[in-house]
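# Fold and geometry: a report
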Amino acid sequence: MSRMTKLRLFGRTKDLEGQIDEFLDKISEAAVMFRLGVRTYLKEGANGDFKSKLKAVNTLESEADNLRRNIEKELYTHTLIPDARGDVLGLVETLDHLLNLFEGTLWAIAIEKPQISDEFVSGFRKLTNMVVQAADALVLAARSFFRTPHMVGDHNHKVMIYEKEADKISTQLKMDIFDADIDLAHKAHLRNFVEQIDNVADWAEDVADRLAIYAIKRTV
Amino acid sequence: MDPLVLIFLSSGLFLGWALGANDAANVFGTAVGTRMVQWSTAAIICSIFVILGAAVSGAGTSTTLGKLGSISTLAGAFMTALAAAISVYLMTKSGLAVSTSQAIVGGIVGWNLFANAPTDTTILTKIVSTWFLCPVLSAVIAVVLYKALRLYLRHAELHLVRTDAYLRVGLLMAGAFGAYALGANNIANVVGVFIPAKPFPDLTLGATTLSGTQQLFLLGGFAIAIGVMTYSRGVMMTVGGELGRISPAAAFIAVIAHSIVLFIFASRGLEALLLDAGLPTIPLVPVSSSQAVVGAVVGIAILQGVHGIRWRVLGNIMLGWVATPVMAGLICFFGLFFLQNVFGQKVF
């Protein structure tokens, strides 16, 4: 193998490593922005600060989309990691959906402007914190998959715990909403948002389940 | 040069072609089958290194085969190589694990029986014992190397993409080493039986002189390379598919273990080192490349839990230890009879 080919080969490798790391960074950043966006809305409503967070998540989502496409193109054009390519592709696509969930929820809040009275604010805040923690743990698990597959299980375990906690909080929140003295349409509207936010943790758990299998395949 | 020489050599060259077509897959099969390495790259590297191995380090195993039976006529060598080639073809057709090394040994013993020449039982025992030793040694080496690689990968925390890139380069280098070892170890099967008959005079090219034996090795090396270039693609894809469940890392180790074993059984340098150190030497014997790879894969499978072992493959190998040489010996014996009595050729 010539020196040039070798250099190019490892150069491409470095680029792809960088793109995968950057893609995971985008998800972490989006999770932070999502959390701040919901908190801002709960505190101040759909004001300028909320809109800036929404815009940030929008931008992160489209940047992550571009990175995902590049990663997929690179993997298939140069037939890289043939034995794990399908798994990486599946992982990148399911992780990308997490960004769609962040973006979709913030857009729904911006459009529908749900009226969340003070008695539910704490529940919504707790729920948002928990689902974001689940997403964060998932990103750590995904990073582990690429470098330390034997550690994936530890991070996945945390995803499961946060998801379970998020379920408890969302159930309690829905019970509180339906016990409250507000009209049924309002109750249904708020329940919809509880489920939408909780969906982030559910999705994180689904991805973690897949990741566990991918990691087993890598460690064998 | 007598044109009859080429006709007589054709059986050996055919055997070389079959060896290239089949055994290149042991060196590059998994790499190509899993698309870690392109077939064209594998074929070029394999061809170059197989010729180099044959020309530079092929003498050791040829000497051992010569000790087993010194076939003195070209016609006798032709039939011995043809018997081996037919056995390899028939065994492959029956789907049994086949080794050109075992076929040629059977053929030589067949010639010894026909020519009433004594078979050196010490050499024969040495050769047969390596057939058992080869896959076992390959398995042991594979286990040790695989454990070391796994430990390294766990601690190095390399990115998946980087591990993949390193493995690609590793597979190419291991393949080159494997092809060299294959040429060095197995060239004796292809042209070894023709050496005592001395079909070529020395050839002087400028400042260098190629002996008749070196010309034979070179010709045999080219025959193997042509086998690689013309027919190995399908075999590589099949081997890659069959062994598809093993990871590229395991494939890399399997090729390295295979290559080390073939090299150990072919290296005069190593023999000299062991002699200097006062240690027992390893016999320089052509061994089966396929069985070395299967041994390595089984070794790795044992390490991962016994569920991965394909006992049928192991059974086939053991059957091959008996069936291949017996078949080649019988074909050679009866073929020599026809060659002598029907075609009037001097076979010993």
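Everything discussed here concerns the structure shown above.
Figured I'd write up the structure that's included with this text. None of these values were measured; they are calculated from a predicted model.

## A few points about the overall build of chain A
When helices and strands are counted, chain A shows 6 helices and 0 strands. Each helix (α) and strand (β) of chain A, taken in turn from the N terminus, gives the series α-α-α-α-α-α. Projected onto its principal axes, the C-alpha positions of chain A cover 75 × 35 × 20 Å. By the burial criterion, 49% of the 220 residues in chain A qualify as buried. Distance from the positive charge centre (30 side chains) to the negative charge centre (36 side chains) of chain A: 7 Å.

## Looking at the overall build of chain B
Looking only at helices and strands, one finds 12 helices and 2 strands in chain B. Here the C-alpha atoms of chain B give a radius of gyration of 20 Å, agreeing with the 20 Å that 2.2 N^0.38 yields for 348 residues. On the principal axes, the C-alpha backbone points of chain B span a range of 70 × 50 × 45 Å. Within chain B, the proportion of its 348 residues that are buried is 56%. When the accessible area of chain B is evaluated, it comes to approximately 14,500 Å², of which 69% is carbon and sulfur surface. Measuring between centres, the 16 positive side-chain charges of chain B sit 10 Å from its 9 negative side-chain charges.

## Overview of the nonpolar core
Core analysis: the biggest nonpolar cluster contains 102 residues, and B:F28, B:I127, B:V193, B:F194 and B:F252 have the highest contact counts within it. When sequence neighbours within four positions are dropped, the list of residues in contact with B:V193 reads B:I71, B:A77, B:T80, B:A81, B:I104, B:I108 and B:A188. Among the nonpolar cores identified, the runner-up in size contains 72 residues, and A:I71, A:I109, A:I169 and A:L173 belong to it.

## Quick notes on the interface of chain A and chain B
Contacts between the two partners involve 24 residues from chain A and, on the opposite side, 20 residues from chain B. Carbon and sulfur atoms supply 67% of the area buried between chain A and chain B, which totals about 2,000 Å² over both sides. Among the residues of chain A in contact with chain B, A:F10, A:I81 and A:R147 are the three that bury the most area, contributing 23% of the side total. Between A:E17 and B:R162 there is a salt bridge; the shortest N-O distance is 2.6 Å.

## Describing helix α5 (residues 152-179) of chain A
Residue and element names in this part refer to chain A. Taking 1.5 Å of rise per residue, the 28 residues of α5 would be expected to cover 40 Å, and the 41 Å separating its terminal C-alpha atoms lies within 8% of that figure. Restricting attention to buried positions, one finds in α5 the residues V152, H155, N156, V159, E163, A166, I169, S170, L173 and I177. For α5, the secondary structure elements touched by its buried residues are α4 (118-147) and α6 (184-219).

## Regarding the environment of B:G178
All names here are of chain B. By the element assignment, G178 lies in helix α7 (residues 160-191). The sequence separation of G178 and V287 amounts to 109 residues, and the corresponding C-alpha distance is 13 Å. Every residue in contact with G178, bar those within four places of it in the chain, is listed here: V27, H258 and S259.

## Digging into the packing of helix α2 (residues 39-57) of chain B against α7(B)
Residues and elements named next belong to chain B. Two elements in contact, α2 and α7, have axes whose closest approach is 7 Å; the angle formed by their N-to-C orientations is 40°. What the angle tells us is that α2 and α7 run oblique. The handedness of the crossing between α2 and α7 comes out as right-handed. Across the interface between the two elements, T41, I45, C46, F49, V50, L52, G53, A54, V56 and S57 of α2 pack against L172, A176, A179, Y180, L182, G183, A184 and I187 of α7. The residue inventory of the contact of α2 with α7, partitioned by class, reads 14 nonpolar, 4 polar and no charged.

## Quick word on the packing of aromatic side chains
The tally for this structure, following the rule as stated, stands at 12 aromatic pairs over all chains. Geometrically, the ring pair formed by A:F34 and A:F102 is tilted, given 4.9 Å between the ring centres and 35° between the ring planes. With A:F34 in helix α1 (residues 3-44) and A:F102 in helix α3 (residues 85-112), this pair connects stretches of sequence that are 68 residues apart. The exposure class assigned to A:F34 is buried, which follows from its relative accessible area of 0%. Among the residues examined, A:F102 registers a relative accessible area of 0% and is labelled buried. Following the ring pairs from residue to residue traces out a cluster consisting of B:F114, B:F333, B:F334 and B:F348. Lying across the ring of A:Y76, A:R85 places its NZ or CZ 4.5 Å from the centre.

## Digging into unusual backbone geometry
All names here are of chain A. Phi at I81 takes a positive value of approximately 30°, unusual for a residue other than glycine. Its location among the elements puts I81 in the loop between α2 (48-77) and α3. On the basis of relative accessible area, I81 is assigned to the buried category, the value being 3%. One non-glycine residue, K113, lies in the positive phi region at around 40°.

## A word on empty space enclosed by the protein
All names here are of chain B. Counted by the stated rule, this structure contains 3 cavities of 30 Å³ or more. Along its surface, the largest cavity is lined by S62, L65, G66, G69, I71, I108, G192, V193 and P196. Top contributing element to the lining of the largest cavity by residue count: helix α3 (residues 59-68), with 3 residues. Residues belonging to the lining of the largest cavity are distributed by class as follows: 5 nonpolar, 4 polar and no charged.

## Section: the pattern of salt bridges
Across all of its chains, the model carries 14 salt bridges over all chains by this definition. Linking A:R68 and A:D96 is a salt bridge whose minimum nitrogen-to-oxygen distance equals 3.1 Å. With A:R68 in helix α2 and A:D96 in helix α3, the pair connects residues that are 28 residues apart, well separated along the chain. Per residue, the accessibility class of A:R68 equals that of A:D96, and both read buried. When salt bridges with common partners are traced through the structure, they connect A:E17, A:D21, A:R147 and B:R162 into a single cluster.

## Quick notes on a negative patch on the surface
Residue and element names in this part refer to chain A. Residues D118, E119, D176 and D179 make up a contiguous surface patch of negative charge. Elements with a minimum of two residues in the negative patch: α4 and α5. Residue position: D176 is located in helix α5. Of the residues examined, D176 reaches a relative accessible area of 33% and is grouped as partly exposed.

About the thresholds
- Residues numbered from 1 in each chain as written.
- Chains lettered and ligands numbered in written order.
- Predicted model: local features only at pLDDT ≥ 70, side-chain atom pairs only at ≥ 80, totals over all residues.
- Heavy atoms only, no water.
- Helix = DSSP H or I, 4+ residues; strand = E, 2+ residues; numbered from the N terminus.
- Buried < 20%, exposed > 50% of the residue type's maximum accessible area, 1.4 Å probe, protein only.
- Lys, Arg positive; Asp, Glu negative; His and termini not counted.
- Charge placed at Lys NZ, Arg CZ, Asp CG, Glu CD.
- Rg over C-alpha atoms; globule rule 2.2 N^0.38 Å.
- Areas by Shrake-Rupley, 256 points an atom, 1.4 Å probe, with all protein chains shown as cover.
- Core = buried A, V, L, I, M, F, W, Y, C linked by side-chain atoms within 4.5 Å.
- Contact = heavy atoms within 4.5 Å.
- Buried area = accessible area lost by both parts, 1.4 Å probe.
- Salt bridge = Lys/Arg side-chain N within 4 Å of Asp/Glu carboxyl O.
- Expected span 1.5 Å × (residues − 1).
- Axes fitted to C-alpha atoms, helices over the stretch in contact; angles between N-to-C directions.
- Parallel < 35°, antiparallel > 145°, perpendicular 65-115°, else oblique.
- Left-handed = near helix turned anticlockwise from the far one by under 90°.
- Nonpolar A, V, L, I, M, F, W, Y, C, P; charged D, E, K, R; others polar.
- Phe/Tyr/Trp six-rings, centres within 6.5 Å; stacked < 30°, edge-to-face > 60°.
- Lys NZ or Arg CZ within 6 Å of the ring centre and 35° of its normal.
- 1 Å grid on protein atoms, 1.4 Å probe; cavity = no way out; pocket = protein on both sides within 12 Å on 5 of 7 lines; lining within 4 Å.
- Points joined across faces, edges and corners; volume = space filled by probe spheres on them.
- Patch = residues over 30% accessible without salt bridge, like charges linked within 9 Å, V, L, I, M, F, W, Y side chains within 5 Å.

Geometry only, nothing functional implied.
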